[in-house]
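The primary structure of each chain is shown beneath.
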Amino acid sequence: MEIRRVLLKLSGEYLSGNSNNILDVNILEYLSADIAKIVDLGIEVGIVVGGGNILRGKSISKNGFNRVSSDQMGLLATVINGLAVSDALKRKNIKNKVFSSIAIDGIVEPFNVHISNVSLENKEVNIFTAGTGSPFFTTDTAACLRAIEIDADIVLKATKVDGVYSGDPETNSDAKYYSKITYDEVLAKELGVMDLTAILLCKEHNMPLRVFNLSHPNALLKAATGDDIGTIIY
């Protein structure tokens, strides 16, 4: 499959690295250098970033916060992370634009699929923040939705594990690794790769998804150019 446009899904936790800080400058430097490699190949890049390193709405709602308010705080956390990624890319002289699903005038642009497509065609990295703009939907769902809207060729879900397993490989040494698997199998086996809405969106729109470990050397480059890395879900 020829890949001309990708949607990269980043977790907020990835941006904090192994440090106690909300954001790890070294991780941002590593990430922007990896993105520069695929931009230099002419591949168009969209990014959806989570906010779990700062605040996860679903988690704090368990402590008594209203779920809608909690998720709105989580959406704002993704904007902070998006601005951090944007700044790191600018330091590499990579043109980029930050969009938000909620209006934050003077800081980020409201998401508009037509403006985004023009921006991507002009080789600007697009960073999509604030999830879908609504509570109760994860940034995984936002990633699949944006990928479909911008007509990406594939969703690249960056993780800290090498791909999809039948269980948690860190706690279960017998967990089976899948190099390829269908969306129906993911749903039937309840593998938890992404939330149900995200998986169903990709399945309905025939959007392939690759799950891979971003910490490996040139992992993003390999995933974005179609190399056999991680797990492909189709």
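Note that the structure is a prediction, hence the values are computed from the model and not measured.

Student: Describe the pairing of strand E2 (residues 44-49), with residues and values.
Tutor: When you tally the buried positions in E2, you get 6 out of 6 residues, the bulk of the element. Neither face of E2 is left uncovered, since the one carrying Glu44, Gly46 and Val48 and the one carrying Val45, Ile47 and Val49 both have all their residues buried. Relative to E2, strand E1 (residues 5-10) runs parallel, the two being bridged by 6 bridges. Bridged to Leu7 within E2 is Gly46. Pairing of E2 with strand E5 (residues 125-129), which is carried by 3 bridges, proceeds in the parallel orientation. Bridged to Ile47 within E5 is Ile127.

Student: So what's going on with the environment of Glu149? Which residues, and what values?
Tutor: Looking at where Glu149 falls in the secondary structure, it is placed in helix H6 (residues 139-149). The sequence separation of Glu149 and Lys9 amounts to 140 residues, and the corresponding C-alpha distance is 15 Å. Setting aside anything within four residues of it in sequence, one finds Glu149 in contact with Phe111, Val113 and Asn117.

Student: Could you give an account of helix H4 (residues 67-91), with specific residues and numbers?
Tutor: Think of an α-helix as turning once every 3.6 residues; residues three or four places apart then point the same way. Between its first and last C-alpha, H4 extends 37 Å over 25 residues, near the 36 Å set by a 1.5 Å rise per residue. Two or three places before Val68, at the opening of H4, Asn66 has a side-chain oxygen 2.9 Å from that residue's backbone nitrogen. Of the residues trailing H4, Asn93 is marked for its positive phi of about 60 degrees.

Student: Break down the state of the cysteines for me, with residues and values.
Tutor: Per the stated rule, a full pass over the model turns up 0 disulfides. The thiol of Cys144 is unpaired, and the distance to the nearest cysteine sulfur, on Cys202, comes to 3.1 Å. Relative accessible area serves as the criterion here: at 0%, Cys144 is assigned to the buried category. By relative accessible area, which is 0% here, Cys202 ends up buried.

Rules behind the numbers
- Residues numbered from 1 in each chain as written.
- Predicted model: local features only at pLDDT ≥ 70, side-chain atom pairs only at ≥ 80, totals over all residues.
- Heavy atoms only, no water.
- Buried < 20%, exposed > 50% of the residue type's maximum accessible area, 1.4 Å probe, protein only.
- Helix = DSSP H or I, 4+ residues; strand = E, 2+ residues; numbered from the N terminus.
- Pairing = 2+ DSSP bridges.
- Contact = heavy atoms within 4.5 Å.
- Expected span 1.5 Å × (residues − 1).
- Polar contact = N/O pair within 3.5 Å; in protein donor to acceptor, adjacent residues only side chain to side chain.
- Disulfide = S-S within 2.5 Å.

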